[in-house]
There are 2 protein chains.
Amino acid sequence: MSSNVLRVIPLGGLGEVGRNLMVYEYDGEILVVDAGLMFPENDMLGVDYIIPDLTYLSQHRDRVRGIVITHGHEDHIGAIHHLLNEVSAPIYATPLTRGLLEVKLGRNGLGSKADLRTVQAGETVEIGPFQVEFYHVCHSIPDGVGLGIQTPAGLIVHSGDYKFDHTPVDGKPSDYARLAEYSQRGVLALLADSTNSERPGWTPSEKVVDAGLEDVFNKAAGRIIIASFASLISRMQQVANAASRHNRKLAFVGASMIDNMKMASKLGYLDFPETLVVPIDQALNLPDEKVVIMCTGSQGEPTSILGRLSTGSNRLFDIQQGDTVVLSSHPIPGNEENVYRVVNRLFQRGADVIYEAIAPVHVSGHASQEEMKLLIHLTRPRYFIPMHGELRQLHRHAGLGEEVGIPRENIAVIENGQVIEFKDGKMTVTNERVPAQLVFVDGSGVGDVDPEVMREREALSRDGIVLVNLTMTKEFNAVVYEPDIITRGFILSREGDELLTAARKQIIQAAGRANGNVRRVVEDTVRDFIYNETRRRPMVFVNINRVV
Amino acid sequence: MSSNVLRVIPLGGLGEVGRNLMVYEYDGEILVVDAGLMFPENDMLGVDYIIPDLTYLSQHRDRVRGIVITHGHEDHIGAIHHLLNEVSAPIYATPLTRGLLEVKLGRNGLGSKADLRTVQAGETVEIGPFQVEFYHVCHSIPDGVGLGIQTPAGLIVHSGDYKFDHTPVDGKPSDYARLAEYSQRGVLALLADSTNSERPGWTPSEKVVDAGLEDVFNKAAGRIIIASFASLISRMQQVANAASRHNRKLAFVGASMIDNMKMASKLGYLDFPETLVVPIDQALNLPDEKVVIMCTGSQGEPTSILGRLSTGSNRLFDIQQGDTVVLSSHPIPGNEENVYRVVNRLFQRGADVIYEAIAPVHVSGHASQEEMKLLIHLTRPRYFIPMHGELRQLHRHAGLGEEVGIPRENIAVIENGQVIEFKDGKMTVTNERVPAQLVFVDGSGVGDVDPEVMREREALSRDGIVLVNLTMTKEFNAVVYEPDIITRGFILSREGDELLTAARKQIIQAAGRANGNVRRVVEDTVRDFIYNETRRRPMVFVNINRVV
């Protein structure tokens, strides 16, 4: 490793949305920023979630001096327990973020193991050769920070997730002064959130949601059920405010939502009268027009509260005529079908459903194009590295950087695993690549499901399976009993009877004339026969027994 | 069946997007409007496409007097060969729609069987008791029509897909005069397209795309590759115009796109100089800045030309540095992931990629809210039935109807299979339901894959399969050889070795102590063992042989 070099190594979140993890390394000492998870795409079959590739950190675990978490959303904290299994280092976070980390680590049995240290926005901590300054940013959760990272190679600004909201729910705008101060000090490089780089203009203030909710509360005659993310703390405050104004009691449903709500209340990030919140069983006994229920499921997850309400399989209560359901969320790309299926089913059950497409009941927590330009102007960096986004979004963000005057050659559009070096004030995109695979978590296994297993699952899902059990004579020259055929996911049994009867005949003939490799011959015969008859290609497995 | 009653029976497109098919029935005589297909959602595993449930039409095949097709898009014509397998009736369509039907039927071996009849917009045909008037509408394909259906029970207006484009590509605005004339005659009911009912304002004119393309052509230094739907004939004309203006030759790639282009040219719906279009092999030999290539794949389909270009697996040519790729399309809900994956990969290969989110290279072909209100005002119907849309879109459309003065009780939000009756000028939503299932087409099979088979595919895809082959003693009391275990889609073989070795031990013990039902005991043992070790639930199949 060369000295006096600052290395920037993204292990997640560059070229994809989620599982954000950035490595800063100077003279062999490592600072990790964030440790998020990513939700699987539709063709990542059976995968629970995806985490960053931790190989590099695992190999250099003795060099990791600290972990900084910018805010408490899953795409920034969701892999923390996986990270702590690989490295041992203190974790620095603001109070609410720390509280949500505690909830998360507690649930994963690591509550006592972690060395958590609270930092207030505005403070600076020394982590190895890095002076990390926390500056306040607005986002859809309170207590989010961006980072000014002073290194011997120069000052880096790491934006985290941010928006420039002039009327945020907690009343605290982003710290413009600190950003301007950085520009005076001279910013070597800006790494900034690209999520909304395709969105023109300025992201509306969270305040817009107050008006949207007010409208819903004014019109609703019955119960109001509001679905959102369990970690969207600001939205909880807004719903509580509206409930308070309209003399409704508020009940939370769902373990993760309740845990987060309690933690945020305890730390003072949620502020409402004690009598406002009631347990769900109590809420269900109040008159309909006196109740607001807040729950999870805004992404259409079938096993969430809202998902179960939409199919009539919720345990505690059902949707009833007159209910107003609000999805206070934006569908994560790939979830649209699930979300809209839930909306349609709620309509079918008699609810009136309000969602982002038809009313301002949600705004994004991420900066849009004009805010992105403002951040660049405020910090005036020499170099610019778009982060947090798919490749197309990084490219678009790079385009915005050019528009506001950063020379093309000073902008690096890179993907996970690509190493950037800063030395003597110059940026180099090196040819070095560190491991940055998608690491799938499925059940309790981490990383033991790979693209090959995924391809097998895909093949299984496409046309199902056909299992053939065959008993042959001792001499292996004829079939003794009728072959036994089991199918799954291939064809309806009532439609398939005739087909399978014909298949059995083919199998008996094939096995009889097969010389030697009976299994192979029968498998090929079954595959060809099925394809000719149905144009489908199920996986075929043949097992040969010999008669006793 | 009661007399003097007009029955309206949606068999597709109400409560979903696509596979549009509407049945109008008077005194037992049936008119069918459209016969479309729908593309599978992400969890409809292995399904090629979905068609309307034709049971009702099959049961009453002798009563079907005619089929009217409003325009040549797949969601309106894609199931025509399935319909013709059930009923025999003349098909009425405008010239281009007829041409595209011929292409489609030819490809399905029904070219000669169909009784196709050409009708010009403005003409009226008598189909049983129905006087069907074709009126011109703008859409993203030329020669689209809406229908004025004069029945003994009253006048029905069936909008088809439409927008009110004042500057359409073919210069022909929607037929306002005819719509106004209907309102003077008195419209009993309006059935109208709900696709964009969540979209405020007015859908931009197709003309916007001309400016969007012009900008692309001005900036592109190398080849331009434009992906769109094979049936988006208007877009072909716009691309041809731009190519012509910029002295580029135009090549089409993809069988369906070429077939449709040829048919539309032959019928005069595409108008460009003969020398403009060149075969692809010729285009590839021209200087880069002299070429435009138009192909399919704008929905991110992995096997399409654009899909293959994005993975470097196209046969004729590859993406090269300097290419500009345009996706002139809107992702169909559920396709977002695939579309954006293709975009990201094209960036990776060095192309500049232009798509709807960042430039006006596509506009919708469907009316937005203000146009929907205009259609209602133009026709002034007594009753209103939103069609073509998911339930949430039908509800939103109903809301718009109310806003412009149709009483709530005169609006029917219904779903496929629900029967509406009109008698003596009164609408009744009956309790009658005709079969309206999702009919899955998979390979050559129609309807032999149902939700149960789909659930099996889903289970297979989630955690894969484990097959165990066991050989036992003649007495069935002990395992003879090491059990044979095959897995697919469950775990990586290198990671799974240890697990499977442990599983074999468990199997041998379980089989030894099983009294009687060895298979059942071993299956349960394997399932429990795997779940405890991995938290996964693959499908487990055990087969028991006895030693010879």
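Parameters at a glance
- Residues numbered from 1 in each chain as written.
- Chains lettered and ligands numbered in written order.
- Predicted model: local features only at pLDDT ≥ 70, side-chain atom pairs only at ≥ 80, totals over all residues.
- Heavy atoms only, no water.
- Helix = DSSP H or I, 4+ residues; strand = E, 2+ residues; numbered from the N terminus.
- Buried < 20%, exposed > 50% of the residue type's maximum accessible area, 1.4 Å probe, protein only.
- Contact = heavy atoms within 4.5 Å.
- Areas by Shrake-Rupley, 256 points an atom, 1.4 Å probe, with all protein chains shown as cover.
- Polar contact = N/O pair within 3.5 Å; in protein donor to acceptor, adjacent residues only side chain to side chain.
- Core = buried A, V, L, I, M, F, W, Y, C linked by side-chain atoms within 4.5 Å.
- Domains from an automatic or database assignment.
- Pairing = 2+ DSSP bridges.
- Axes fitted to C-alpha atoms, helices over the stretch in contact; angles between N-to-C directions.
- Buried area = accessible area lost by both parts, 1.4 Å probe.
- Salt bridge = Lys/Arg side-chain N within 4 Å of Asp/Glu carboxyl O.
- Least-squares fit on C-alpha atoms with pLDDT ≥ 70 in both.
- Right-handed = clockwise from strand over helix to strand, strands pointing away.
- Phe/Tyr/Trp six-rings, centres within 6.5 Å; stacked < 30°, edge-to-face > 60°.
- Lys NZ or Arg CZ within 6 Å of the ring centre and 35° of its normal.
- Parallel < 35°, antiparallel > 145°, perpendicular 65-115°, else oblique.
- Left-handed = near helix turned anticlockwise from the far one by under 90°.
- Nonpolar A, V, L, I, M, F, W, Y, C, P; charged D, E, K, R; others polar.
- Arc of directions from axis to C-beta.

As a further point, take the overall build of chain A. A tally of helices and strands in chain A yields 16 helices and 25 strands. Seen along its three principal axes, the alpha-carbon backbone of chain A occupies a region of about 90 × 70 × 45 Å. Looking at chain A as a whole, 62% of its 548 residues qualify as buried. Pairs at least 24 apart in sequence give 71% of the contacts found in chain A among residues at least 6 apart. As presented, chain A carries roughly 20,700 Å² of accessible surface, and 46% of it is formed by carbon and sulfur atoms.

The subject of this paragraph is the side chain of B:Gln393. Residues and elements named next belong to chain B. Looking at the secondary structure, you find Gln393 in helix 13 (residues 391-403). Overall, Gln393 belongs to the buried group, its relative accessible area being 7%. Only 3.4 Å separates the side chain of Gln393 from the backbone oxygen of Thr195, close enough to count as a polar contact.

Attention now moves to the nonpolar core. Residue and element names in this part refer to chain A. Leu57, Ile67, Ile80, Leu83, Ile91, Ile226 and Leu250 are the most contacted members of the largest nonpolar core, which has 61 residues in total. No fewer than three residues from each of domain 1 (5-201 + 364-446) and domain 2 (215-354) sit in this core. Setting aside chain neighbours within four positions, we find Leu83 in contact with Val32, Ala35, Leu54, Leu57 and Ile67.

Let us now look at the sheet that holds strand 23 (residues 465-472) of chain A. Residue and element names in this part refer to chain A. Read across the open sheet, the three strands follow the order 24-23-25; overall the sheet is mixed. With one partner strand each, in any of the chains shown, strand 24 (484-488) and strand 25 (539-546) form the two edges of the open sheet. Neighbour-to-neighbour, the strand axes of this sheet turn through a mean angle of 15°, independent of strand direction. The pairing of strand 23 with strand 24 spans five bridges and is classified as antiparallel. Directly across from Val466, in strand 24, lies its bridge partner Thr487. Each of strand 23 and strand 24 is contacted by helix 15 (residues 493-513), which is oriented at about 130° to strand 24, the strand it contacts most.

It is worth spelling out the interface of chain B and chain A at this point. Counting residues at the interface gives 64 residues for chain B, matched by 64 residues for chain A. Together chain B and chain A conceal approximately 5,600 Å² of surface at their shared face, both sides included; 53% is due to carbon and sulfur atoms. One can count six salt bridges joining chain B with chain A. Among the salt bridges present, the one from A:Glu41 reaches B:Arg341, with a minimum N-O distance of 2.3 Å. At the surface where chain B touches chain A, the tally comes to 32 residue pairs in polar contact (both at pLDDT 80 or more). Broken down by element, the side of chain B that touches chain A gets its largest block of residues, eight residues, from helix 11 (residues 336-348) of chain B.

A few words now on the pattern of salt bridges. Residue and element names in this part refer to chain A. Taken as a whole, this structure holds 68 salt bridges over all chains when the rule is applied. The partner of Glu370 in a salt bridge is Lys373, and the shortest N-O contact between them spans 2.9 Å. Within this pair, Glu370 and its partner Lys373 are both found in helix 12 (residues 369-379), separated by three residues, close to a single helical turn. A relative accessible area of 16% places Lys373 in the buried class. In this structure, the salt-bridge partner of Arg457 is Asp442, at a minimum N-O distance of 2.8 Å.

When the parts of a complex come together, some accessible area is lost, and that lost area is often taken as the interface size. All names here are of chain A. Its domain assignment divides chain A into domain 1 (5-201 + 364-446), domain 2 (215-354) and domain 3 (464-546). The straight-line distance from the C-alpha centre of domain 1 to that of domain 2 is 31 Å. Contact with domain 1, which involves 17 residues of that partner, is made by 16 residues of domain 2. At the boundary of domain 1 with domain 2, total buried surface from both sides reaches about 1,400 Å², with 64% on carbon and sulfur atoms. Here domain 1 and domain 2 share one salt bridge between them.

Residues and elements named next belong to chain B. Looking at the element boundaries, Tyr383 is found in strand 18 (residues 381-387). On the basis of relative accessible area, Tyr383 is assigned to the buried category, the value being 5%. Apart from residues lying up to four places away in sequence, Tyr383 is in contact with Leu188, Ala189, Leu190, Asn410, Phe422, Gly425, Lys426 and Met427.

The operation relating chain B to chain A is a screw motion whose rotation component is 180°, with 0.0 Å of axial translation and a residual RMSD of 0.1 Å. Between the two chains, the operation in question is that of a two-fold axis. The fraction of interface residues of chain B whose copies in chain A are also interface residues reaches 100%, indicating that both copies meet through the same surface.

We now examine the pairing of strand 12 (residues 187-193) of chain A. All names here are of chain A. Counting buried positions over the seven residues of strand 12 gives seven, a clear majority of the element. In the sheet, strand 11 (residues 154-158) pairs with strand 12 via four bridges, with the strands oriented parallel. Paired with Val157 across the strands is Leu190, a residue of strand 12. One crossover worth recording links strand 11 to the parallel strand 12 by way of helix 5 (residues 176-185), and it is right-handed.

Right, let's get into the packing of aromatic side chains. What describes a pair of aromatic rings is the distance from one ring centre to the other and the angle between the planes of the rings. Following the criterion strictly, the structure yields 10 aromatic pairs over all chains and no others. Clustering of aromatic rings is evident, with ring pairs tying together A:Tyr162, A:Phe164 and A:Tyr176. Directly above the ring of B:Tyr340 sits A:Arg392, whose terminal nitrogen or CZ lies 3.5 Å from the centroid. We note B:Arg537 situated over the ring of B:Tyr531; from NZ or CZ to the ring centre the distance is 3.9 Å.

All names here are of chain B. Helix 13 packs onto helix 12 (residues 369-379) with a crossing angle of 55° between their chain directions and a minimal axis gap of 10 Å. One element, helix 12, and the other, helix 13, form an angle in the oblique class. Crossing hand, helix 12 versus helix 13: right-handed. Here Gln369, Met372, Lys373 and Ile376 of helix 12 lie close against helix 13, whose contacting residues are Arg396, His397, Leu400, Gly401 and Glu403. Residue classes in the contact of helix 12 with helix 13 are distributed as three nonpolar, three polar and three charged.

In this section: the sheet that holds strand 5 (residues 64-68) of chain A. Residue and element names in this part refer to chain A. What the eight strands build is an open sheet, ordered 7-6-5-3-2-1-19-20; its pairing is mixed. The two strands at the open ends of the sheet, each matched to only one other strand, are strand 7 (116-118) and strand 20 (426-433). Averaged over neighbouring strand pairs, the angle between their axes works out to 25° when direction is ignored. Where strand 1 (residues 6-12) lies against strand 19 (residues 418-423), three bridges are found, and the strand directions are antiparallel.

Moving on, we come to the side chain of B:Asn543. All names here are of chain B. Position of Asn543 relative to the elements: it lies in strand 25 (residues 539-546). The exposure class of Asn543 is buried, given its relative accessible area of 8%. In this structure the side chain of Asn543 is engaged in a polar contact, spanning 3.2 Å, whose partner is the side chain of Asn545.

Next up on the list: the environment of B:Ala243. All names here are of chain B. Relative to the elements of secondary structure, Ala243 occurs in helix 7 (residues 233-245). Between the alpha carbons of Ala243 and Glu214 there is a distance of 9.3 Å; along the sequence they are 29 residues apart. When residues no more than four places from it in sequence are discounted, the contact partners of Ala243 are Phe217, Arg248, Leu250, Leu276 and Val292.

Turning next to helix 5 of chain A. All names here are of chain A. Of all the residues in helix 5, the buried ones are Arg178, Leu179, Tyr182 and Ser183. Viewed along the axis of helix 5, the buried residues span an arc of 145°, placing them on a single side of the element. Exposed side of helix 5, more than 90 degrees from the buried face: Ala177 and Gln184 are the residues found there. On its buried side, helix 5 packs onto strand 9 (130-137), strand 10 (144-151), strand 11, strand 12 and helix 12. Of the residues one or two after helix 5, Gly186 is the one with positive phi, at around 100°.

Quick look at the pairing of strand 1 (residues 6-12) of chain B now. Looking down a regular strand, the side chains alternate between one sheet face and the other. Residue and element names in this part refer to chain B. Extensive coverage of strand 1 is indicated by the burial of seven of its seven residues. Relative to strand 2 (residues 21-26), strand 1 runs antiparallel, the two sharing six bridges. Its bridge partner lying in strand 2, Gly12 is registered against Leu21.

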